[in-house]
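Inside the fold
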Amino acid sequence: MTTAQESLETHPEQPSQPALASWRTVLDRLAPLAFLIALSILFGALKREFFTVENLLNIATQISVIAVLAIGETFVIVAAGIDLSVGSMVALTGCTAALLMKTPALAAHGHGWALAAVAGILVGALWGLFNGLLVTRAKLPPFIVTLGVMGIARGLALAVAHDRTISGLPEAFTRLGSHRVGGAVPLLVLAMLAVALLAHLALTRTRLGRYAYAMGSNLEATRLSGVNVGLYMTALFVVCGTLAGLAGVMEAARTAIGQPTGANLYELDAIAAAVIGGASLMGGEGSITGTLIGAFIMAVIRNGCNLLVIPPSWQRVAIGTIIIIAVLWDHLRQRRQR
Amino acid sequence: MSNVSVLEMVNITKRFPGVLALDGVSFDLRCGEVHALVGENGAGKSTLMKILNGALQADAGEIRIDGRPVRIPNPSAAARLGIAMIYQELCLAPHLSVGENLFLGREPLRAGLVDFRTLHARAQQYLDDLQCGLSSRQRVRDLGIAAQQMVEIAKALSQQARFLVMDEPTASLSEAETQRLFERIRALREAGVGIAYISHRLEEVLEIADRVTVLRDGKVAAAGLPISATSIPELVRLMVGREIKQVYPKREAKPGDEVLRVEGLSRPPVLHDIGFSLRRGEILGLGGLMGAGRTELARAIFGADRPTGGRIFVEGRQVRINSPQDAIAAGIALLTEDRKRDGLALGLPLRANVTLPNLGRVLLHGLLSLRRERQIAQDLVQRVDIRAASVEQVVRNLSGGNQQKVVVAKWLLTQARVFIFDEPTQGIDVGAKTELYRLIEELADQGAGVILISSYLPELLALSDRVLVLCRGRITGELSRAEATQERVLELAAVGH
């Protein structure tokens, strides 16, 4: 009896001819990248300036913060979770770092700003731990827990900043936001790429990554396989929170201020990037390369629309449409598989 | 019994991309008979029945009722024609009550509002007719699979179906529940209902069916054989197209030292003071009715649920088991009852599934080595004889039998000393069953202790060296291979009832 016939009984919709299936997998993977390239060619054809080195680096810099957030979000989404708190967390961690580096004790020291930046990242990590423990210990749905923390973090950001923008940050710190390594590549872009590389490694080549996919695919089966799901699920939220902290510090360096009302709705951009890049909110699917491509698709649309002087209102319409198309694509693909 | 053929499917052909699923298949169903449809997985049984039910459309062929051609574009059209289908995978709304499920979409109304009193009263009547002991007001999600199946049957009956299709209805029923179901099926047959009965369990087919049609590779291998004129060996030969001499392997048991001992294990209200011991090379069967506590016992030993009291010894040493991790470390493996719900990560490739409890073996300098993983998976695929395109194949796309072999492969790698199989052959075909039996016996022969839970008595009795019978969370008896008969097991299983 052949494989194709065997699978027929339960899945008549999909004959699993191996060659075909693997080709489809490749196509599914390539679809977001093909879309990104097509989009770039379109904008390049319409506007010459699009394909200048300066503009491309500009796109990368603008998306770096959201890309780092989206990478963190991918860890949680792959495990069928969600973290809505990351946008507010950017504001809270950015303001915390900004305030700390202005305190006399740290300002007096030459590298005090670095300590403050680390503290900002730690704040993100701790809130990630909080999210993770509530999800795993109290068994609350991630949506609810992080929705609550989203409000808490935004409130705390406003409280610590006394509702004001925090400016006058040390130059050594703000210079990082516009620093170009070797005079060419923006530091923020390098940071994003470094995070992406490490995250890719973590997701594909470590226990944590493998368990993330397994938990997202079937939590109970993973637990019954002897995996400490509480520990690993918590760790995923900590990764997400830590990267949100890093994104907060990057945002503060880029804008040279601590802005308690900033990073508004970044969490949705981060989730959108992951989803456009092929992550499934049902869990078990997603990749760092996909998420990165998803983030760049959004950035290219924004940049291209700006070059074409399309108003921001229509940019939102375009991005919203693409999110729906991406999920629709995912949906059709899933249906084909079942 | 009238001999008028009332429902006919003639020359049905159905093609899926790349596969001819049904090739000119004909099937007829008369009023007041049970017509069994058997065949291996992939033979086309479910496809044929889905066409009858309007869930799929045939590419060619005709369906006639009372000689008149009918079109069945969707399941509600089938329902209007008096055709009801009970799927193997139950489709009930878990948050609604039993009665609400029975009348879903056709609730009795009173002044435009749902009349719940009438609804529950009428639902209760159908439930009482089935003698299943269910209340119309119970929530479906609080019911076990067997009880949910009864709800499905009651639902079909409440739709006044003339033709009833049952796809593996006994797959998750205990022996007693099966007998109760058969009583109902016989009563329905007396009442003039035509029943198409799909099952892998040939003993049951011989017991309940009047005629049997065998499908093989999308073609009819035998059409409407009178049941009195056939036998299990003949049916098996027709199904697989070759002779399978022995479904159950014969084995000389050589039990060795004690490998597992359980003392006073309790988890009220499902387990009370369970004690037994298991030896190397021994297959210990657990018999009992649905809800007797067999699955609960397995889960408690494995640390999936925490018992309130009791001690567990592995190879004479007491072990503390608070989680599946502890159990695996102690050398215990649990192959769960429902592989789709809690056995496999269906969306992940085969290789990731088999290494899940053993990820440490795939690590090279702290990182997963995909090469090593593929190698390990490949070895297991060969050892267990999994038929998959490659180790990259997503488990969802494998057949039931191969999925179950993936579960076995996954636990082989842990090198456990105690294997607990909970309903390992549910929903898989004869060929795959035979291979699974061989695997289970091989494990025992290699010195592992095996605990086998099965509601299918012929299987339980043929494989077990010793049978423990549970009833309401207590052990009510122990039978040696010589003592263990269906009657004895059923007697002990019903002690407290």
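Residues numbered from 1 in each chain as written. Chains lettered and ligands numbered in written order. Predicted model: local features only at pLDDT ≥ 70, side-chain atom pairs only at ≥ 80, totals over all residues. Heavy atoms only, no water.

Some details on the overall build of chain A
How we decide: Secondary structure is summarised from DSSP: a helix means a run of H or I of at least four residues, a strand means a run of E of at least two, and numbering begins at the N terminus for each. Note that the radius of gyration is over C-alpha atoms, with the globule rule given as 2.2 Å times the number of residues to the power 0.38. Should any heavy atoms of two residues lie within 4.5 Å, those residues are considered in contact. Each accessible area value is a Shrake-Rupley result obtained with a 1.4 Å probe; residue values ignore everything except the protein chains displayed when judging cover. The sign given to each residue is positive for Lys and Arg and negative for Asp and Glu; His and the chain ends receive no count. The atom standing in for a charge is NZ when the residue is Lys, CZ when it is Arg, CG when it is Asp and CD when it is Glu.
The helix and strand inventory of chain A stands at 15 helices and two strands. For 338 residues, the compact-globule formula gives about 20 Å, and the C-alpha radius of gyration of chain A, at 21 Å, lands near that figure. Dimensions of chain A, computed from C-alpha atoms along their principal axes, come out at roughly 75 × 55 × 35 Å. Counting contacts in chain A only where the partners sit at least 6 residues apart, residues at least 24 apart contribute 77% of the total. In the form shown here, chain A has an accessible surface area of approximately 15,000 Å², with 70% of it arising from carbon and sulfur atoms. Of the side-chain charges in chain A, 22 are positive and 16 negative, and the distance between the mean point of each set is 4 Å.

Considerations on the overall build of chain B
Rule in force here: Residue exposure (1.4 Å probe, protein chains only): buried if accessible area is under 20% of the type maximum, exposed if over 50%, otherwise partly exposed.
When helices and strands are tallied, chain B shows 17 helices and 24 strands. Relative to a compact globule of 497 residues, whose C-alpha radius of gyration would be 23 Å, chain B shows 24 Å and is just as compact. Projected onto its principal axes, the C-alpha positions of chain B cover 70 × 50 × 45 Å. Going through the 497 residues of chain B one by one, you find that 58% of them count as buried. Sequence-distant contacts, at least 24 apart, represent 65% of the contacts inside chain B between residues at least 6 apart.

Section: the nonpolar core
Note the following rule: What is meant by a nonpolar core is a set of buried Ala, Val, Leu, Ile, Met, Phe, Trp, Tyr and Cys residues, joined one to another through side-chain atoms within 4.5 Å.
Judged by nonpolar contacts, the single largest core of 162 residues is most densely connected at Leu260(B), Phe276(B), Ile332(B) and Phe419(B). The biggest single contributor to this core is helix H3 (residues 53–78) of chain A, with 13 residues. Setting aside anything within four residues of it in sequence, one finds Phe419(B) in contact with Ala333(B), Leu335(B), Trp411(B), Leu412(B), Leu443(B), Ala448(B), Gly449(B), Val450(B) and Ile451(B). With 52 residues, the next largest nonpolar core counts Val98(B), Tyr126(B), Val151(B) and Ala156(B) among its residues.

Thoughts on the sheet that holds strand S3 (residues 34–38) of chain B
Residue and element names in this part refer to chain B. Under the convention used in this document: Two strands form a pair only when DSSP identifies at least two bridges running between them. To get an axis, fit a line to the C-alpha atoms, keeping to the stretch in contact for a helix; angles then go from 0 to 180 degrees between the N-to-C directions.
Read from one edge of the open sheet, six strands run S6-S9-S10-S3-S11-S12, paired in mixed fashion. One side of each edge strand has no neighbouring strand; the edge strands of this open sheet are strand S6 (83–86) and strand S12 (219–226). Here the strands of the sheet are splayed against their neighbours by 15° on average, with no regard to which way each runs. Relative to strand S9 (residues 163–167), S6 is paired through four bridges, and the arrangement is parallel. Each residue of the ladder has a partner; that of Met85, found in S9, is Val165.

Examining the packing of aromatic side chains
Applicable threshold: Aromatic rings from Phe, Tyr and Trp, with only the six-membered ring used for Trp, were paired whenever their centres fell within 6.5 Å, and each pair was classed as stacked if the ring planes differed by under 30 degrees, edge-to-face if by over 60, and tilted otherwise. Comment: the charge-over-ring label is applied if NZ (Lys) or CZ (Arg) is within 6 Å of the ring centre and within 35 degrees of the ring normal.
In this structure the tally under the stated criterion is eight aromatic pairs over all chains. For the pair Tyr211(A) and Tyr232(A), a centre-to-centre distance of 4.8 Å together with 75° between the ring planes defines the contact as edge-to-face. Taken together, the residues span a long stretch of sequence, with Tyr211(A) in helix H10 (residues 207–217) and Tyr232(A) in helix H12 (residues 229–255) at a distance of 21 residues. Judged by centre distance (6.3 Å) and plane angle (65°), the rings of Phe182(B) and Tyr197(B) are edge-to-face. A residue pair is termed long-range when its members are at least 10 positions apart, and Phe182(B) in helix H6 (residues 175–190) and Tyr197(B) in strand S10 (residues 194–198) qualify at 15 residues. Overall, Phe182(B) belongs to the buried group, its relative accessible area being 0%. Taken together, the ring pairs in this structure connect Phe43(A), Phe50(A) and Phe51(A) into an aromatic cluster. The ring of Phe313(B) has Arg261(B) sitting right over it, with the charged end atom 4.3 Å from the ring centre.

A look at the sheet that holds strand S24 (residues 474–480) of chain B
Residue and element names in this part refer to chain B. Read from one edge to the other, the open sheet built from six strands follows the order S18-S21-S22-S15-S23-S24, with strand pairing classed as mixed. Since the sheet does not close on itself, it has two edges, and those belong to strand S18 (332–335) and S24, each with one partner. Between one strand axis and the next, the sheet turns by 20° as a mean value, whatever way the strands run. Alignment of strand S23 (residues 466–471) against S24, held across six bridges, turns out to be antiparallel. By the bridge assignment for S24, Val469 is matched with Gly477. Contacting strand S15 (283–288), S18, strand S21 (418–422), strand S22 (449–453) and S23, helix H9 (residues 294–302) runs over the sheet at an angle of about 145° to S18. Against the sheet, helix H14 (residues 400–412) touches S18 and S21, its axis set at about 170° to S18.

Let's talk about the environment of Val140(B)
Topologically, Val140(B) is positioned in the loop between helix H4 (116–130) and helix H5 (145–158). Placed 47 residues apart in sequence, Val140(B) and Ala93(B) show a C-alpha to C-alpha distance of 7.1 Å.

Let's talk about helix H7 (residues 142–160) of chain A
All names here are of chain A. For clarity, the cut-off: A helix is expected to reach a length of 1.5 Å times the quantity of its residues less one. The directions from the helix axis to the C-beta atoms form the arc being described.
Relative to the 27 Å expected for 19 residues at 1.5 Å per residue, H7 spans 26 Å between its end C-alpha atoms, a close match to the ideal helical length. Among the residues making up H7, those that are buried are Pro142, Val145, Thr146, Val149, Ala153, Arg154 and Ala157. Down the axis, H7 shows its buried residues gathered within 160° of arc, on one side only. The inward-facing, buried residues of H7 contact helix H4 (86–102), helix H6 (112–136) and H12. Remark: His162 follows H7 within two positions and exhibits a positive phi of approximately 50°.

Some details on the pattern of salt bridges
Counted only if it meets this: By definition, a salt bridge exists where a carboxyl oxygen of Asp or Glu is found within 4 Å of a side-chain nitrogen of Lys or Arg.
In the structure shown here, the tally under the stated rule is 34 salt bridges over all chains. For Asp23(B), the salt bridge is made with Lys219(B), and the minimal N-O distance between the two is 3.8 Å. With Asp23(B) in strand S2 (residues 19–30) and Lys219(B) in strand S12, this pair connects stretches of sequence that are 196 residues apart. Taking the relative accessible area as the measure of exposure, Lys219(B) reaches 44% and is therefore partly exposed. Taking the shortest distance from any N to any O, the salt bridge between Glu442(B) and Arg438(B) comes out at 2.9 Å. Placement of the pair is Glu442(B) and Arg438(B) together in helix H15 (residues 430–445), with a separation of four residues, close to one helical turn. Under the relative-accessibility criterion, Arg438(B) is labelled partly exposed at 37%. Each of the salt bridges in this network shares a partner with another, and the network as a whole consists of Arg210(A), Arg351(B), Glu373(B), Arg374(B) and Glu392(B).

Describing the confidence of the model for chain A
The line we're drawing: Confidence of the predictor in every single residue is expressed as pLDDT, which spans 0 to 100.
When pLDDT is averaged along chain A, the result is 89; 91% of the residues meet or exceed 70. Low pLDDT, under 50, characterises residues 1–21 of chain A; the predicted model gives this stretch 45 contacts beyond four residues in sequence or across chains.

Here's the deal with the pairing of S21(B)
Residues and elements named next belong to chain B. Where we set the bar: With the strands pointing away from the viewer, any crossover whose connection runs clockwise from the first strand over the helix to the second is right-handed.
Extensive coverage of S21 is indicated by the burial of five of its five residues. Burial along S21 is two-sided: the face carrying Val418, Ile420 and Asp422 and the face carrying Phe419 and Phe421 are both buried. Pairing analysis gives four bridges linking S18 to S21, with the strands arranged parallel. Each residue of the ladder has a partner; that of Leu335, found in S21, is Phe421. Strand direction decides the pairing type here: S21 and S22, joined by five bridges, are parallel. Looking at the pairing, Val418 lines up with Gly449 of S22. For the crossover that starts at S21, traverses H15 and ends in the parallel S22, the hand is right-handed.

Points about the side chain of Ser287(A)
Residue and element names in this part refer to chain A. Under the convention used in this document: As used in this structure description, the phrase polar contact means that two N or O atoms lie within 3.5 Å; if the pair is within protein, one of them must be able to donate a hydrogen and the other to accept it, and residues adjacent in sequence are counted only when both atoms belong to side chains.
Relative to the helices and strands, Ser287 resides in the loop between helix H13 (266–276) and helix H14 (288–307). There is a polar contact of 3.4 Å between the side chain of Ser287 and the side chain of Thr289. The contact partners of Ser287, leaving out residues within four places of it in the chain, are Thr74 and Tyr213.

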